Each structure stands twice: as C-alpha cells, then as structure tokens.
Amino acid sequence: QVRVAESGGGLVQSGGSLRLSCAASGNIFRLYTMGWYRQAPGRQREFVAVISSGGNTSYADSVKGRFTISRASAKNTVYLQMNNLKPEDTADYYCKAILRQLSSIGSEDYWGQGTQVTVSS
C-alpha cells in the first residue's frame, strides 16, 4: 500500500509565508513526479507546481516568483515554500505523487487528503 500525506497548512496574514510538506510512503518501487494542486471553495482543483524526479520544476503563472517547490528524494518528500501569500491563495492544497508500487508494472497517481491554507487580508 501507498500513503501520501500533506502537512503544514494553517492561517496566515496576507504577505506571510507557509511551508507545506508532502511525504509518500509504503511499497514504492520508484517515485516519479510530485506536485501540488489546490482547490478553493466553489472552484475546480487547479495546478500549482510540479517537480520531476530529475528536479525539473513548473509553476502556475499565479504563483511564479512567490512559491518554490523542492524535493528531498531520499525521503520521498516534496515541499512547497509559499511566500508573499495573498487572500486568493486560500484553498485546500493537495499533493499528488506519480509512482510505481513494488507489486505493479506501471505508474499510478496517488493523492493526499489535503491541507488547508487560509490567508487573511
């Protein structure tokens, strides 16, 4: 079995910072891309940032220059450093890991339960 768990959400004032963490654990043969997505109330889930196993990154235009995704491969962990937060960043943040289990042939997507980020104005 595989588990993906996020942590680090909370309440912060506009202009503040938060650091989210996401750890994948279990019977993992290989961990490929890991990424962050968010879903605000009444809106669809949207892409935030992604990092490949080789360290290549991509960001949504709305967070470029403010958010930084990084990865600790030895720990199967990905981080999202969020600076200069704005009220419009308020959402539930979800981590997605694309990985191959020990017992599988192909890769699959695994999602965490989400962590709430609230930015007050």
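This report concerns the structure included in the present document. Quick caveat: nothing in here was measured; it's all calculated off a predicted structure.

Reading guide: rules and limits
- Residues numbered from 1 in each chain as written.
- Predicted model: local features only at pLDDT ≥ 70, side-chain atom pairs only at ≥ 80, totals over all residues.
- Heavy atoms only, no water.
- Disulfide = S-S within 2.5 Å.
- Helix = DSSP H or I, 4+ residues; strand = E, 2+ residues; numbered from the N terminus.
- Pairing = 2+ DSSP bridges.
- Axes fitted to C-alpha atoms, helices over the stretch in contact; angles between N-to-C directions.
- Core = buried A, V, L, I, M, F, W, Y, C linked by side-chain atoms within 4.5 Å.
- Buried < 20%, exposed > 50% of the residue type's maximum accessible area, 1.4 Å probe, protein only.
- Contact = heavy atoms within 4.5 Å.

With that settled, the discussion passes to the state of the cysteines. Following the criterion strictly, the structure yields one disulfide and no others. Across the disulfide from Cys-22 sits Cys-95; the S-S distance is 2.1 Å. Taking the sign of the S-S torsion, -80° for the link of Cys-22 and Cys-95, the bridge is left-handed. One end of the pair, Cys-22, is in strand 3 (residues 18–26); the other, Cys-95, is in strand 9 (residues 91–101), with 73 residues separating them in the sequence.

So, on to the sheet that holds strand 8 (residues 77–82). If you walk across this open sheet you meet the four strands as 1-3-8-7, and the pairing is antiparallel. Strands at the two margins of the open sheet, each flanked by one partner only, are strand 1 (2–7) and strand 7 (67–72). The mean inter-strand angle of the sheet, taken between neighbouring strand axes irrespective of direction, is 15°. The sheet contact formed by strand 7 and strand 8 spans six bridges and is antiparallel. If you follow Ala-72 over to strand 8, its bridge partner there is Thr-77.

This part is about the pairing of strand 10 (residues 108–111). Working note: regular strand, side chains alternate between the two faces of the sheet. By the bridge criterion, four bridges tie strand 9 to strand 10 in an arrangement that is antiparallel. Paired with Leu-99 across the bridge in strand 10 is Glu-108. Hairpin geometry of strand 9 and strand 10 is characterised by an intervening segment of six residues between the two adjacent antiparallel strands.

Among the nonpolar cores identified, the biggest contains 32 residues, and Trp-36, Leu-80, Met-82 and Tyr-93 are the most heavily contacted of them. Elements represented by at least two residues in this core include exactly strand 1, strand 3, strand 4 (28–39), strand 5 (46–51), strand 7, strand 8, strand 9 and strand 11 (115–120). The leading source of residues in this core is strand 9, at five residues. For Leu-80, the contacting residues outside a window of four places in its chain are Leu-18, Arg-19, Leu-20, Trp-36, Val-48, Ala-49, Phe-67, Thr-68, Ile-69 and Tyr-93.

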